[in-house]
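The lines below spell out each chain.
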Amino acid sequence: MESRGGPGVFIVVEGPEGAGKSTLARWLGARLVAEGLRVVPVREPGGTPVAEAARKVALKFPHGMSPAAELFLFLAARADLVERVIRPALEAGQVVVADRFDLSTMAYQVAGAGLPLAEVTQAIRLATGGLVPDVTLVLDVPVELGRARQRAARKVQDRFERQDDAFHHRVREAYRRAQGPGVVHLDATQPKKFVQDAAWREVMAATALSTRGTS
Ligand code: T5A
């Protein structure tokens, strides 16, 4: 069963590699704080000791790993983050801004790695207790542009970033097809300011945030 998680607001930023998720999530967090809101920024996987340990294995493990093992590492991280950080923040009326959430698992482990959709959907529900974001901003960039941005930012590649182009094209297409309550698509090939303004409009339209001086 889907659940909202209390009086707070849950905003998720999603998209393929180098789409600008972290940049946008940081900007949104700062803008919401400037509006006087209490903001809890999180990134997935990570954010609790268990989730950080799972992140290290999922992204940095130097040997091969089965797709199902990978899935459960990401879901172990998510389960702990939801229970210890996200739900308490939402129950306290805070705004959670997450850099990645459940759509990442659909894109990477289902579309990318080929795990079965129905079982993964159920496993995600178990991990999150059915928590659904109020709004999910899905940033779209072509694979080549995302990779070029990562190279320009001198990002050290993790296990997923080293996957071949076909994997990353499946990930991108899965994001482009994503739909559901609160899912909004943004053209992230545009300049940062354009993406930020569009994201802000969508967040204001999709949530009950009543803030000062909203555009
Ligand atoms: N994963 C994660 C799974 O497989 N399953 C899961 O369930 C989950 C949760 C996490 C990895 O884990 C996988 C997916 C990932 O491979 P990570 O290291 O946390 O990896 O990082 P990513 O989320 O992959 O972050 P990226 O490196 O892809 O970058 P972002 O956050 O999309 O991009 P950002 O903001 O760092 O920007 C990159 C560069 O582009 C510039 C920025 O200034 C920066 O230099 N930029 C722009 N330039 C021009 N125009 C714009 N609009 C720009 N926006 C940003």
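Before reading on, note that the structure itself is shown above.
A quick note: this is a predicted structure, and the numbers were derived from the prediction, not measured.

Please clarify how the overall build of the protein should be interpreted in this entry.
A tally of helices and strands in the protein yields eight helices and five strands. Reading the protein from its N terminus to its C terminus gives the helix and strand order β-α-β-α-α-β-α-α-β-α-α-β-α. Taken along its principal axes, the extent of the C-alpha atoms in the protein is 50 × 35 × 30 Å. A buried classification covers 51% of the 215 residues belonging to the protein. Sequence separation of 24 or more characterises 81% of the internal contacts of the protein that already satisfy a separation of 6 or more. A total of about 10500 Å² of accessible surface is found on the protein, and carbon and sulfur atoms cover 56% of it. Side chains of the protein carry 29 positive and 24 negative charges; the gap between the two charge centres is 5 Å.

Where do I start with the packing of aromatic side chains in this structure?
Each aromatic ring pair is characterised by the separation of its centres together with the angle its planes make. Under the definition given, this model contains five aromatic pairs. Pairing Phe 10 with Phe 101 gives two aromatic rings, centres 5.0 Å apart and planes at 80°, and the pair type is edge-to-face. With Phe 10 in strand β1 (residues 9-14) and Phe 101 in the loop between β3 (95-99) and α4 (102-112), this residue pair connects regions lying 91 residues apart in the sequence. Here Trp 27 and Trp 200 contribute two aromatic rings whose centre-to-centre distance is 6.1 Å and whose plane-to-plane angle is 90°, an arrangement assigned as edge-to-face. You can see Trp 27 sitting in helix α1 (residues 21-34) and its partner Trp 200 sitting in helix α8 (residues 192-206), a full 173 residues away along the chain. The buried category is assigned to Trp 200, whose relative accessible area is 1%. Among the aromatic residues, those joined into a cluster by ring pairs are Phe 74, Tyr 108, Phe 160 and Phe 167. Sitting over the face of the ring of Trp 200, Arg 31 holds its NZ or CZ atom 4.1 Å from the ring centroid.

It is not clear to me how the pairing of β3 should be interpreted in this structure. Could you clarify?
Looking along a regular strand, one sees side chains alternate from face to face of the sheet. With five of five residues buried, β3 lies mostly within the body of the structure. By the alternation rule, side chains of β3 split into Val 95, Val 97 and Asp 99 and Val 96 and Ala 98, which are all buried. Relative to β3, β1 runs parallel, the two sharing five bridges. Note that in β3 the partner of Val 9 across the bridge is Val 95. With five bridges connecting them, strand β2 (residues 39-43) and β3 associate as parallel partners. Residue pairing for β3: Val 42 is matched across the bridge by Ala 98.

How should the pairing of strand β4 (residues 135-140) be read in this particular structure?
For β4, a buried count of six out of six residues is recorded, marking the element as mostly surrounded by other parts of the structure. Where burial is concerned, the two faces of β4 agree: the one with Val 135, Leu 137 and Leu 139 and the one with Thr 136, Val 138 and Asp 140 are both buried. As defined by bridge partners, β1 adjoins β4 across four bridges and the pair is classed as parallel. Counterpart to Val 13 in the pairing with β4 is Leu 137. By the bridge criterion, five bridges tie β4 to strand β5 (residues 183-187) in an arrangement that is parallel.

Criteria and cut-off values
Residue numbers run consecutively from 1 along every chain, following the written order of its sequence. It should be noted that, the model being predicted, local features are given only for residues of pLDDT at least 70 and side-chain atom pairs only at 80 or more, the latter also being counted only at that level, while totals for whole chains, interfaces and linings use all residues. Side-chain descriptors were evaluated using all non-hydrogen atoms of the structure, hydrogens and water having been removed beforehand. A run of H or I in DSSP becomes a helix once it reaches four residues, and a run of E becomes a strand once it reaches two; helices and strands are each numbered from the N terminus. Exposure classes here rest on a 1.4 Å probe applied to the protein chains alone. A residue is buried below 20% of its type maximum, exposed above 50%, and partly exposed in between. Residue contacts are counted whenever heavy atoms from the two residues lie within 4.5 Å of one another. Where accessible areas are quoted, they stem from the Shrake-Rupley method and a 1.4 Å probe; at the residue level, only the protein chains shown are allowed to cover. Only four residue types enter the tally: Lys and Arg on the positive side, Asp and Glu on the negative side; His and the chain ends are excluded. Charge coordinates come from a single atom per side chain, which is NZ of Lys, CZ of Arg, CG of Asp or CD of Glu. In this scheme Phe, Tyr and Trp rings, the latter by its six-membered ring, pair at centre separations within 6.5 Å, and the angle between planes marks the pair as stacked below 30 degrees, edge-to-face above 60, and tilted otherwise. A ring is scored as having a charge over it whenever the NZ atom of a lysine or the CZ atom of an arginine sits within 6 Å of its centre and within 35 degrees of its normal. When DSSP finds at least two bridges between two strands, those strands are taken to pair.

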